[in-house]
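# Close look at the chain arrangement
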Amino acid sequence: MITVYGEGRGFRVVWLLEEMGLPYRLRRVDLLTGVENDPEFLAINPAGFIPAIVDGDVTMVESIAIMQVLMARHGPTPLAPAPQDADFPAYQQFLHLGEAGLAASIYFVLGALNFAPETERNNWTANQALEVFQSRLGLVTRRLAHSPYLAGERFTAADISVTYALDLAQRNIGYDLGEAALAYWRRTTGREGYKRAMAACHDTRAWAETVAAARADGAAR
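Only a predicted model underlies this, so the values are computations on that prediction, with no experimental measurement involved. (Residues numbered from 1 in each chain as written. Predicted model: local features only at pLDDT ≥ 70, side-chain atom pairs only at ≥ 80, totals over all residues. Heavy atoms only, no water.)

### Examining the overall build of the protein chain
As a reminder, the rule being used: What counts as a helix is a DSSP run of H or I of at least four residues, what counts as a strand is a run of E of at least two, and both are numbered from the N terminus. A 1.4 Å probe rolled over the protein chains alone gives each residue an accessible area, and that area as a share of the maximum for its type sets the label: buried under 20%, exposed over 50%, partly exposed in between. By definition in these notes, contact holds between two residues if any of their heavy atoms fall within 4.5 Å. Per-residue and other accessible areas follow the Shrake-Rupley method at a 1.4 Å probe size, with only the shown protein chains counted as cover for residues. For this count, His and the chain ends are skipped, Lys and Arg are scored as positive, and Asp and Glu as negative. By convention, charge coordinates are those of NZ in Lys, CZ in Arg, CG in Asp, or CD in Glu.
Regarding its fold elements, the protein chain presents nine helices and four strands. Helices (α) and strands (β) of the protein chain occur, in sequence order from the N terminus, as β-α-β-α-β-β-α-α-α-α-α-α-α. The principal-axis extents of the C-alpha atoms in the protein chain amount to approximately 50 × 50 × 35 Å. Across the 221 residues that make up the protein chain, the buried fraction comes to 48%. Of the contacts formed within the protein chain by residues at least 6 apart in sequence, a portion of 63% connects residues at least 24 apart. Per element, the accessible surface of the protein chain, about 11000 Å² overall, is 56% carbon and sulfur. For the protein chain, the distance from the average position of its 20 positive side-chain charges to the average position of its 25 negative side-chain charges is 4 Å.

### A look at the packing of aromatic side chains
Geometry of an aromatic ring pair is reported as the spacing of the ring centres plus the angle between the planes. Applicable threshold: Aromatic rings from Phe, Tyr and Trp, taking only the six-membered ring of Trp, are treated as a pair when their centres fall within 6.5 Å; an angle between ring planes under 30 degrees marks them as stacked, one over 60 as edge-to-face, and anything in between as tilted. As a reminder, the over-ring test applies to NZ of lysine and CZ of arginine, requiring each to be within 6 Å of the ring centre and within 35 degrees of the ring normal.
Counted under the stated rule, the structure contains nine aromatic pairs. Where Tyr107 meets Phe108, the ring centres are 5.4 Å apart and the plane angle is 85 degrees; that geometry is what we call edge-to-face. Note on Phe133 and Tyr175: the rings are 5.1 Å apart at their centroids and 85 degrees apart in plane angle, and the pair reads as edge-to-face. Here Phe133, found in helix 5 (residues 124-144), pairs with Tyr175, found in the loop between helix 6 (157-173) and helix 7 (179-189); they are 42 residues apart in sequence, far enough to count as distant. We classify Tyr175 as buried; its relative accessible area is 17%. Of the aromatic side chains, those joined through ring pairs into one cluster are Phe11, Trp15, Tyr149, Phe155 and Tyr194. Residue placement shows Arg191 over the ring face of Phe155; its charged tip is 3.9 Å from the ring centre.

Following this line, the structure appears as structure tokens:
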């Protein structure tokens, strides 16, 4: 049984496991109350960030690396094109861009907007991070002009990686993705695997519902 520790970027891992049909256990990690009070988790990841997994004798952190190892250990799977596949370079590029270019950048923007003191929210670093996100999103939209998914005609783990980042931007800072990226996001989040992952990730679902309700209330006023 694979154990996934924590949601957040762990949503990517849960979604992947749902798409692959692999059994898993999701173990909640509450970062808000402090992982120093969670010795079981700290024994898995002493650095104290999420997600982490235990898969037999393997313990790992970092969501993209976790996804790659799970697909290699429990594959083959169409979610990971083979190296000789013509779509393999695009798959690799967008699998990693989903974190390094998109999610990592928007993380600092949402941190500034939601947690920084009022006078520090519109700061140079947050603005630079937003510019990085926007430039990498441009790569996504250009790719989508030629194919429905980021590795061509089929859904892959690259789409899980990028869709999570688009979720993060929309849900946490209200970012307007634009027509092409929004249509893509609706396509990927319409998958049954995504829906099952959202049902399993109670904190993620609760936050999504809270944000949606707040926006609906604001629009009604």
